[in-house]
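Structure at a glance
Given next are the chains, with one letter for each unit.
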Amino acid sequence: ICQGQTFVCGNQNFNSAGVYTVVLQASNSCDSIITLTLDIIPNTSSSLSASICQGQTYAFGSQNLTAAGTYNRTVTAANGCDSVITLTLSVRPNRSSSLSASICLGQTYTFGAQSLTSAGTYNRTVTAANGCDSVITLTLSVQPNSSSSLSASICQGQTYTFGSQTLNTSGTYTRTIPAANGCDSVISLNLSVLPNSTSS
């Protein structure tokens, strides 16, 4: 029998290994002597360890486990007796981190596979060193470009220096310089060339 079981012979119960003599009354009303040799087959046990990421499920027999702990499962071994499997389950945490960034209007920010042009909060999931999810949260701001305008006039034959441009013709000209926020500042110039007067 298996460890923990009981063998019944006549009106006696046996649960220990040994040799026993059992006297029964035969059908002819005479004694019938039975010699019982009882063996006890031990139950077996084994243990294993496993880990999952937070939010995952570990299937252990008919149990779907999500929490860390020690769990037991009983199966039938090759010898027909119980085999108890003890599982020690650990749960690895997911990670999270955050970062901030800013771009100028019209620029693009690459965040993993995303190409971002608008201000907002964005998430990206990567695999952390422990094999579980690591969620990165990005707060992206978009700095505006600035613009300004000015007017100037020169006399015919004169020149006007506008950044790297030397101008002598009426018209509208633009010049782009970095603003205080690091983005473009576009200056528009409206230049007038005044004619020289003549006297007779």
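For the structure itself, look to the data block above.
Here's what I pulled together on the structure shown here. Here the structure is a predicted model, which is why all the values come from computation and not from measurement.

Here we look at the overall build of the protein
- For the protein, the helix and strand inventory stands at 0 helices and 19 strands.
- Computed over C-alpha atoms, the radius of gyration of the protein comes to 45 Å, more than 25% over the 16 Å expected from 2.2 N^0.38 for 200 residues, which places it beyond the range of a compact globule.
- If one aligns the C-alpha atoms of the protein with their principal axes, the spans along those axes are about 165 × 25 × 20 Å.
- Relative to its 200 residues, the protein shows a buried fraction of 20%.
- Considering only residue pairs separated by 6 or more positions, the protein has 46% of its internal contacts joining residues 24 or more positions apart.
- Accessible area of the protein: about 13000 Å², with a carbon and sulfur share of 46%.
- Taking the average location of the 5 positive side-chain charges in the protein and that of its 5 negative ones, the two points are 31 Å from each other.

So, the environment of Ala129
- Structurally, Ala129 is set in the loop between β13 (120-127) and β14 (133-143).
- Sequence separation of Ala129 and Arg95 is 34 residues, and the distance between their C-alpha atoms is 9.7 Å.

Comments concerning the sheet that holds strand β19 (residues 184-194)
- Taking strand neighbours across the sheet as the criterion, the 3 strands line up as β15-β19-β18 in an open arrangement whose pairing is mixed. Of all strands in the sheet, those bounded by a partner on one side alone are β15 (146-155) and β18 (171-178). The sheet shows a mean angle of 25° between the axes of neighbouring strands, taken without regard to direction.
- The pairing of β18 with β19 spans 8 bridges and is classified as antiparallel. The residue of β19 that forms the bridge with Pro178 is Asp184.

Notes on the sheet that holds strand β8 (residues 69-76)
- Taken together, the 3 strands give an open sheet; going across it, the order is β5-β9-β8, and neighbouring strands pair in mixed fashion. The open sheet has two edge strands with one neighbour each: β5 (44-53) and β8. Strand-to-strand twist in this sheet, taken as the mean axis angle between neighbours without regard to direction, amounts to 25°.
- Sheet analysis places β8 next to strand β9 (residues 82-92), joined by 8 bridges and oriented antiparallel. When the bridges of β9 are listed, Gly69 appears paired with Leu89.

Section: the side chain of Ser185
- Within the fold, Ser185 resides in strand β19.
- Within the structure, the side chain of Ser185 is placed 3.2 Å from the side chain of Ser146, a separation counted as a polar contact.

Overview of the state of the cysteines
- For the coordinates displayed, the defined rule picks out 3 disulfides.
- For Cys53, the disulfide goes to Cys132, at an S-S distance of 2.1 Å. Every disulfide takes its handedness from the sign of the S-S torsion; for Cys53 and Cys132 that torsion is -90°, giving left-handed. Linking Cys53 in strand β5 with Cys132 in the loop between β13 and β14, this pair joins segments that are 79 residues apart in sequence.
- Judged by its relative accessible area of 5%, Cys53 falls in the buried class.
- Note on Cys132: relative accessible area 1%, which makes it buried.
- One disulfide bridge connects Cys104 with Cys183, the sulfur atoms lying 2.0 Å from each other. Note on the Cys104 and Cys183 pair: the S-S dihedral is about -90°, so by sign convention the disulfide is left-handed. A residue pair is termed long-range when its members are at least 10 positions apart, and Cys104 in strand β10 (residues 95-104) and Cys183 in the loop between β18 and β19 qualify at 79 residues.
- For Cys183, a relative accessible area of 1% translates into the label buried.

A closer look at the packing of aromatic side chains
- Counted according to the given criterion, the structure contains 1 aromatic pair.
- A ring pair is formed by Phe14 and Tyr20, whose centres lie 4.5 Å apart and whose planes are at 45°; its orientation type is tilted.
- The partly exposed category is assigned to Tyr20, whose relative accessible area is 23%.
- Between Arg73 and the ring centre of Phe60, over which it is positioned, the NZ or CZ distance is 6.0 Å.

Calculation rules
- Residues numbered from 1 in each chain as written.
- Predicted model: local features only at pLDDT ≥ 70, side-chain atom pairs only at ≥ 80, totals over all residues.
- Heavy atoms only, no water.
- Helix = DSSP H or I, 4+ residues; strand = E, 2+ residues; numbered from the N terminus.
- Rg over C-alpha atoms; globule rule 2.2 N^0.38 Å.
- Buried < 20%, exposed > 50% of the residue type's maximum accessible area, 1.4 Å probe, protein only.
- Contact = heavy atoms within 4.5 Å.
- Areas by Shrake-Rupley, 256 points an atom, 1.4 Å probe, with all protein chains shown as cover.
- Lys, Arg positive; Asp, Glu negative; His and termini not counted.
- Charge placed at Lys NZ, Arg CZ, Asp CG, Glu CD.
- Pairing = 2+ DSSP bridges.
- Axes fitted to C-alpha atoms, helices over the stretch in contact; angles between N-to-C directions.
- Polar contact = N/O pair within 3.5 Å; in protein donor to acceptor, adjacent residues only side chain to side chain.
- Disulfide = S-S within 2.5 Å.
- Phe/Tyr/Trp six-rings, centres within 6.5 Å; stacked < 30°, edge-to-face > 60°.
- Lys NZ or Arg CZ within 6 Å of the ring centre and 35° of its normal.

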